[in-house]
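The primary structure of each chain is shown beneath.
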Amino acid sequence: MTDTEGEDDLSRLASGWRRTEVRRGGVWNVQPVQAAQAVKTYQCPGCNLEIVPGLAHVVAWRGDGVMGDAADISARRHWHSHCWKIT
Ligand SMILES: [Zn+2]
């Protein structure tokens, strides 16, 4: 199980607090996920290791995609905070 969040999560992402970063030649929306909100296991694209439940991390999606915000959010990835910073 890697990325099976429901609609509640999507609306939280769409309306929740986020910051914008410029990385890898693009603009990214980055939203922290608190430990209490991390209830699933994800695979980090930075190190290919699991992000275990209960571990605070970040979720990132493109902010400049041509397909629109909803498509970008659905293509979001979860990263270890450390991996996002160094990648
Ligand atoms: Zn990682």
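If you're wondering where the values come from, they're calculated on a predicted model, not measured in any experiment.

Broken down by element type, the protein chain carries 3 helices and 6 strands. Secondary structure elements of the protein chain occur, N-terminal to C-terminal, as α-β-β-β-β-β-α-β-α. The burial tally for the protein chain puts 32% of its 87 residues in the buried class. Counting contacts in the protein chain only where the partners sit at least 6 residues apart, residues at least 24 apart contribute 58% of the total. Roughly 5100 Å² of accessible area belongs to the protein chain as shown, and the carbon and sulfur atoms make up 57% of that amount.

Moving on, we come to the sheet that holds strand S2 (residues 26-33). The strand order across the open sheet built from 4 strands is S1-S2-S5-S6, with neighbouring strands paired in antiparallel fashion. Every other strand in the sheet has two partners, leaving strand S1 (19-23) and strand S6 (77-79) as the edge strands with one partner each. Each neighbouring strand pair of the sheet contributes to a mean axis angle of 35°, computed without reference to strand direction. Pairing of strand S5 (residues 57-62) with S6, which is carried by 3 bridges, proceeds in the antiparallel orientation. In the strand pairing of S6, Ala60 is matched with Arg77.

The protein atoms donating to the zinc ion are Cys44 (SG), Cys47 (SG), His80 (ND1) and Cys83 (SG), with metal-donor distances spanning 2.0 to 2.3 Å. Around the zinc ion sit 4 donor atoms; with metal-centred angles ranging over 102 to 117°, the donor geometry is tetrahedral. Sequence positions of the donors to the zinc ion reduce to the motif C-x2-C-x32-H-x2-C. With Cys47 in the loop between strand S3 (42-43) and strand S4 (50-51) and Cys83 in helix H3 (residues 81-86), this pair connects stretches of sequence that are 36 residues apart. For Cys83, a relative accessible area of 8% translates into the label buried.

Here we come to the confidence of the model for the protein chain. Parts of the prediction with low pLDDT should not have their coordinates interpreted in detail. When pLDDT is averaged across the protein chain, the result is 86; 82% of the residues are at 70 or more. When the elements of the protein chain are averaged for pLDDT, helix H1 (residues 7-15) gives the smallest value, 62, and S4 the largest, 98.

Thresholds applied
Residues numbered from 1 in each chain as written. Predicted model: local features only at pLDDT ≥ 70, side-chain atom pairs only at ≥ 80, totals over all residues. Heavy atoms only, no water. Helix = DSSP H or I, 4+ residues; strand = E, 2+ residues; numbered from the N terminus. Buried < 20%, exposed > 50% of the residue type's maximum accessible area, 1.4 Å probe, protein only. Contact = heavy atoms within 4.5 Å. Areas by Shrake-Rupley, 256 points an atom, 1.4 Å probe, with all protein chains shown as cover. Pairing = 2+ DSSP bridges. Axes fitted to C-alpha atoms, helices over the stretch in contact; angles between N-to-C directions. Donors = N, O, S within 2.8 Å, 3.2 Å for Na, K, Ca; no water. Tetrahedral: all angles 85-135°; square planar, octahedral: opposite > 155°, others 65-115°. pLDDT = per-residue confidence, 0-100.

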